[in-house]
Amino acid sequence: MVTTTLLIIIYLSFISLGLPDSLLGSAWPTMVNDLSAPLWGAGLISMTVSLCTIISSVNSARLIRRFGTGKLTALSGLLTATALMGMSFAPHYVFLLLLAIPLGLGAGAVDAAINNYVALHCEARHMNWLHCFWGVGTVISPYVMSAALSHGMKWTAGYRGVSAMQFALAVVLLMTLNLWGGEKAKEEERSAKVLSVRQVLALPGAKQGLFGFTCYCAVESTFMLWSATYLVMTRGMDAAAAASMGGLFFVGMTVGRGVSGFIAMKLRPKQMVRLGQVMMVLGALLLFVPGQNIAVFGLLFMGLGCAPVYPNIVQDTPRNYGAENSQAVIGVQMAFAYVGSLTMPTVFGWIAEAVGYGALPVFSLALSVVMVLLFNSQQRIVDRRNAN
């Protein structure tokens, strides 16, 4: 087990990881006018961040072998803090695109590194709480931006405020590198296998696990983007109410991960995943029932169902593929996660344009069922291998 001080630092690191994820969206309406940027430009920035995150996630095992988890987390924090500070001084939209590159590279490395460290050294409850703290980070930065704008400041002040938080954490990380373990931990990081994507996919059960994980992330990201629009377009809710009620998906996911940490004291990670999957399927089914209240309840239920799936799939990675392979596999998991998050909300947008936003229950139910089938297939392969 890790020390209490290191656990606090790890939790703070995941709050820090969540801060930039919701910052751009909260600032974009004012950034558009100041930078003479196209309205769709936020999507291109987000895509650039995601692509760079995928690159650094896939290479996380190599980076950890070279720098170690603690130093890599600190350096990634400095990189993202510098990128956010640079964005606050950007004179033109093009500079935002350029600075999205280091922002994405820093995020991917720390995401994979900390997930693997917690999976190897902490109990499952801490992995659930870790991802709960990521949700806390996504809630904080819009409030920082709102406070800046409501006090007559520009969006740049909000970016600088979040950047200052990132710099402060990076300094703390640099000052506490000794907490990440002694020679034993360093030897563990050096001995971890560096595998290519093809080698990871060749591991027993990996194809099923990774594509099932992609399906989960596709559902999560689609609801994050389209929940409010779904309520407006299919249930006749006004935009202001839909923005509030659509946010219940985020509430369900964040609160659910906090509660999941306590449930994880009694259930194994794969049982936690199955519990979440059942709730996701039920949440999707509720969206087929007419009525605004039922739809809102369906979104909340879907958020609660999503809560335990991601952290517990990651937590079980050393068991599923071996501790020596876990860092390489988690890096590829993060990459597959971002591929699902990057592509599927757009795919649903195309579908909705063609057949209507009422397709969301069908879309989410289909992906959830495929996820369940792939997860069950993976577990059969893993259990058979572990039994031998």
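**A closer look at the overall build of the protein chain**
Across its full length, the protein chain carries 18 helices and zero strands. In terms of C-alpha radius of gyration, the protein chain reaches 20 Å, essentially the compact-globule figure of 21 Å for 388 residues. A burial count over the protein chain gives 54% of its 388 residues as buried. Across the protein chain, every contact between residues at least 6 apart in sequence was considered, and the portion connecting residues at least 24 apart equals 82%.

**Quick word on empty space enclosed by the protein**
Counted under the stated rule, the structure contains two cavities of 30 Å³ or more. Space inside the largest cavity adds up to approximately 50 Å³. In terms of lining, the largest cavity is formed by Gln 208, Gly 209, Gly 212, Phe 213, Gln 277, Ile 313, Met 371, Phe 375 and Gln 378. Secondary structure elements with two or more residues in the lining of the largest cavity: helix H10 (206–235) and helix H18 (360–387). With four residues, H10 is the single largest residue contributor to the lining of the largest cavity. If you add up the space inside the second largest cavity, you get close to 40 Å³. Considering the residues around the second largest cavity, the lining is formed by Pro 269, Lys 270, Val 273, Asn 312, Ile 313, Asp 316, Asn 320, Phe 375, Gln 378 and Gln 379. Among the elements of the structure, helix H13 (269–286), helix H15 (309–315) and H18 are those that each provide at least two residues to the lining of the second largest cavity.

**Some thoughts on the pattern of salt bridges**
Side chains carrying opposite charge are able to pair once their charged atoms draw close together. Within the structure shown, the criterion is met by six salt bridges. Where Glu 220 meets Arg 257, a salt bridge forms, and the shortest distance between an N and an O atom there is 3.6 Å. You can see Glu 220 sitting in helix H10 and its partner Arg 257 sitting in helix H12 (residues 248–263), a full 37 residues away along the chain. Taking the relative accessible area as the measure of exposure, Glu 220 reaches 9% and is therefore buried. Of the charged contacts in the structure, one is a salt bridge between Asp 316 and Arg 319, with a shortest N-O distance of 3.6 Å. With relative accessibility at 8%, the residue Asp 316 sits in the buried group.

**Thoughts on the confidence of the model for the protein chain**
Parts of the model with low pLDDT should not have their predicted coordinates read in detail. Summary statistics for the protein chain give a mean pLDDT of 88 and a share of 95% for residues scoring 70 or more. The least confident element of the protein chain is helix H8 (residues 183–191), whose mean pLDDT is 63; the most confident is H13, at 94.

**Some points on the state of the cysteines**
By the definition in use, this model includes zero disulfides. Here Cys 215 stays free of any disulfide, with the sulfur of Cys 217 as its closest cysteine sulfur at 9.5 Å. Residue classification places Cys 215 among the buried residues on the basis of a relative accessible area of 12%. Among the cysteines around Cys 217, which has no disulfide bond, Cys 306 carries the closest sulfur, lying 9.3 Å off.

**Concerning the environment of Leu 177**
Tracing the chain through its elements places Leu 177 in the loop between helix H7 (155–175) and H8. Of the residues examined, Leu 177 reaches a relative accessible area of 29% and is grouped as partly exposed. A C-alpha to C-alpha distance of 9.6 Å links Leu 177 and Gly 68, two positions 109 residues apart in sequence. Once residues within four sequence positions are removed from consideration, Leu 177 is found in contact with Gly 70 and Lys 71.

**Considering the side chain of Asn 320**
Along the polypeptide, Asn 320 turns up in helix H16 (residues 317–321). With relative accessibility at 3%, the residue Asn 320 sits in the buried group. With sequence-adjacent residues up to four places away left out, Asn 320 is seen in contact with Gln 378, Gln 379, Val 382 and Arg 385.

**Quick notes on the environment of Ser 56**
With respect to the helices and strands, the residue Ser 56 is situated in helix H2 (residues 41–58). For Ser 56, a relative accessible area of 6% gives the class buried. Sequence separation between Ser 56 and Phe 288 is 232 residues; the distance between their C-alpha atoms is 39 Å. Setting aside its immediate chain neighbours within four residues, Ser 56 contacts Leu 63, Gly 104, Leu 105, Gly 108 and Ala 109.

Each value, and the rule that gives it
- Residues numbered from 1 in each chain as written.
- Predicted model: local features only at pLDDT ≥ 70, side-chain atom pairs only at ≥ 80, totals over all residues.
- Heavy atoms only, no water.
- Helix = DSSP H or I, 4+ residues; strand = E, 2+ residues; numbered from the N terminus.
- Rg over C-alpha atoms; globule rule 2.2 N^0.38 Å.
- Buried < 20%, exposed > 50% of the residue type's maximum accessible area, 1.4 Å probe, protein only.
- Contact = heavy atoms within 4.5 Å.
- 1 Å grid on protein atoms, 1.4 Å probe; cavity = no way out; pocket = protein on both sides within 12 Å on 5 of 7 lines; lining within 4 Å.
- Points joined across faces, edges and corners; volume = space filled by probe spheres on them.
- Salt bridge = Lys/Arg side-chain N within 4 Å of Asp/Glu carboxyl O.
- pLDDT = per-residue confidence, 0-100.
- Disulfide = S-S within 2.5 Å.

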